[in-house]
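Observations on the three-dimensional arrangement
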Amino acid sequence: MPSDDFRFYGHQLVDRLADFLVNVGQLPVYPNVSPGAILSRLADHAPAEGEPMDKILEDVEHIIIPGMAHWNHPRFFAYFTSSGSGPGILAEFLTATLNVNNMLWHSCPSATEVEQATLDWLRQMIGLTPEFFGIIYDGGSGATFHALAAARENIVDLDIKQRGLAGRSDLPRIRLYTSEQGHSSIDKAAIALGLGLDGVRRVSVNSEYQMDPQALEEAIANDRTMGILPFCVVATVGSTSCTSIDPLSAIAVICVREDLWLHVDAAHGGAAAVVPEMRHILAGCERADSIVINPHKWLFVPLDLSVLYTRKPEVLRRAFSLVPEYLRTSEGEEVVNYMDYGIPLGRRFRGLKLWFVLRYFGSEGIADRIREHIRLGHQFAEWIDEHSEFERLAPVPLSTVCFRAHPKGIDEDPALNELNERLMQAINETGEVFLSHTKLSGRFAMRFVVSHLQTDEEQITRAWKTIQARLHIAVSGL
Ligand code: PLP
């Protein structure tokens, strides 16, 4: 692309992006499209000859934008959202322009050292001790996979890295534990690591959806009597359904006593520890072996960026380090070669966007915004609690509210579940608000997650009005 064209279209695109970020709240947060609608408008093969940039940008506007679920919308309350903040977006632009591969220190010293410095800042911001070593992966699932691989490597005398698991009669069955509310990425890691789904034991939770430490102890003891070898516990800080927080300190005591690796999944919730008065949510982490936190969830960094901290980097490295001749460098132990700590060899310069975001907002600026999200989440919970036709289905330790409609005269659970499923669909069809759901104790629960950078009191008020208005329509349709 000639430099003049790059400059021309670059300026044009930045203007469009700036307008988009100001106006995204006016767009439907969720598109009204059927499956295949976008696909049918895209060419079925790549053009043989290059096309003009104008045409490409025009198609973005007319084909792609109308089919977008706008994750960067201030009334996107579904899943755990992600904020593509201004500094994060600009950093992505720069990252693509520099286009380095951060596999070795030698392959780009700045990329390695920015990652080291920035992860150390974040470590301090969430109150972890200096012994925690950080590394960036694409997502929380990848980070947890690597943590569990290290936990498996940490089992002494089994030599799994060299000899694998398949076909070995000398190996005991090994097991990891997480609560009924643990994320599915833990099961996926178990599949990929050769433990199978039977290698994961789900421990029961209390009425607040937190892991029951006594049930954990019993499960471990039971397994030991059956000749199964426990090796790891995954505790959650901010579970996906309702952001419940497992009792880390009690779990850590069990892990130390039983000699088990403790991995903490704080993919979403860990961000709240940036707020000084919320730091207690990570109490107990000082005894954890690893912890995952996703800046692409609640730290205003665009997708994708997840951080794994571990107190045992040497074990993680032992699990993955392989250095073929063509990647051998002369720097030795004085540098970090991130390729030694995981599956990916090629690694984007992801640290740059975290560095931009932390510098632009500052730790206090980030804490202020997260504190406000927590206040808004509690405000929404209060509205639910005060309304005679809605009810809350779980505590609100962070800024996520699980709720359902419960109009008078509808008491049967199948009917209530159906009503709420229809209600959520009707709410989402307005294009005003986007919610997702879960099931808690068999009850269909809508999730209202306040964590987008642009979500403020006006946005949650507007969402609450839409939700109430739709309830009346849903009930009258019964
Ligand atoms: N852990 C928790 C608690 C999550 O909620 C999620 C995703 O929402 C993950 C892990 C997986 O993270 P990712 O989507 O980045 O792979």
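Residues numbered from 1 in each chain as written. Predicted model: local features only at pLDDT ≥ 70, side-chain atom pairs only at ≥ 80, totals over all residues. Heavy atoms only, no water.

For the rest of this paragraph, the subject is the sheet that holds strand β11 (residues 443–449). Strand order in the open sheet formed by 4 strands is β8-β9-β11-β10, and the pairing between neighbours is antiparallel. Of all strands in the sheet, those bounded by a partner on one side alone are β8 (390–392) and β10 (436–440). Pairs of neighbouring strands in the sheet enclose a mean axial angle of 40°, with direction left out of account. Summarising the sheet, β8 and strand β9 (residues 400–405) pair through 3 bridges and their orientation is antiparallel. Pairing of Phe-390 across the sheet is with Ala-405, part of β9. Those strands touched by helix α13 (residues 413–429) are β8, β9, β10 and β11, and its axis lies near 30° from that of β11. Across the face of the sheet, helix α14 (residues 457–476) comes into contact with β8, β9 and β11 while running at roughly 125° to β8. (Pairing = 2+ DSSP bridges. Helix = DSSP H or I, 4+ residues; strand = E, 2+ residues; numbered from the N terminus. Axes fitted to C-alpha atoms, helices over the stretch in contact; angles between N-to-C directions. Contact = heavy atoms within 4.5 Å.)

Here we take up the pairing of strand β2 (residues 174–179). Among the 6 residues in β2, 6 count as buried, and that is most of the element. Alternating positions in β2 separate into two faces, Ile-174, Leu-176 and Thr-178 on one and Arg-175, Tyr-177 and Ser-179 on the other, with burial throughout. Bridging between β2 and strand β4 (residues 229–236) involves 5 bridges; their strand directions are parallel. Considered in β4, the bridge of Thr-178 is made with Val-234. As for the winding sense of the linkage, the β-α-β connection from β2 through helix α7 (residues 184–192) to strand β3 (residues 200–203) is right-handed. (Buried < 20%, exposed > 50% of the residue type's maximum accessible area, 1.4 Å probe, protein only. Right-handed = clockwise from strand over helix to strand, strands pointing away.)

So, about the side chain of Thr-310. With respect to the helices, strands and loops of the structure, Thr-310 is situated in strand β7 (residues 306–310). One polar contact links the side chain of Thr-310 to the main-chain carbonyl oxygen of Asp-289, over a distance of 2.8 Å. The contact partners of Thr-310, leaving out residues within four places of it in the chain, are Glu-131, Phe-132, Phe-133, Trp-261, Asp-289, Ser-290 and Leu-316. (Polar contact = N/O pair within 3.5 Å; in protein donor to acceptor, adjacent residues only side chain to side chain.)

Below, the discussion takes up the nonpolar core. Ranked by internal contacts, the top residues of the largest apolar core, which has 55 residues, are Tyr-309, Ile-366 and Ile-370. Among the elements of the structure, α4 (109–125), α8 (213–225), β4, α9 (248–258), β5 (261–265), β6 (290–293), β7 and α12 (351–386) are those that each provide at least two residues to this core. A per-element tally of this core places α12 first, with 8 residues. Listed in part, the 35 residues of the second largest apolar core include Ala-147, Ile-186, Leu-195 and Val-315. (Core = buried A, V, L, I, M, F, W, Y, C linked by side-chain atoms within 4.5 Å.)

Attention now goes to the packing of helix α5 (residues 140–153) against α7. The relative placement of two packed helices comes down to the angle between their axes together with the axis-to-axis distance. Orientation of α5 relative to α7, taken along the N-to-C sense of each, is 50°, at an axis distance of 9 Å. If you check the angle between α5 and α7, you find them oblique. Here the hand of the crossing between α5 and α7 comes out right-handed. Within the contact between the two elements, α5 uses Ser-141, Thr-144, Phe-145 and Leu-148 and α7 uses Ser-185, Ile-186, Ala-189 and Ala-192. (Parallel < 35°, antiparallel > 145°, perpendicular 65-115°, else oblique. Left-handed = near helix turned anticlockwise from the far one by under 90°.)

Moving on to the pairing of β9. Counted residue by residue, β9 has 6 buried out of 6 residues, so it is predominantly covered. The side-chain alternation of β9 yields two buried faces, one formed by Thr-400, Cys-402 and Arg-404 and the other by Val-401, Phe-403 and Ala-405. With 4 bridges connecting them, β9 and β11 associate as antiparallel partners. Considered in β11, the bridge of Cys-402 is made with Arg-447.

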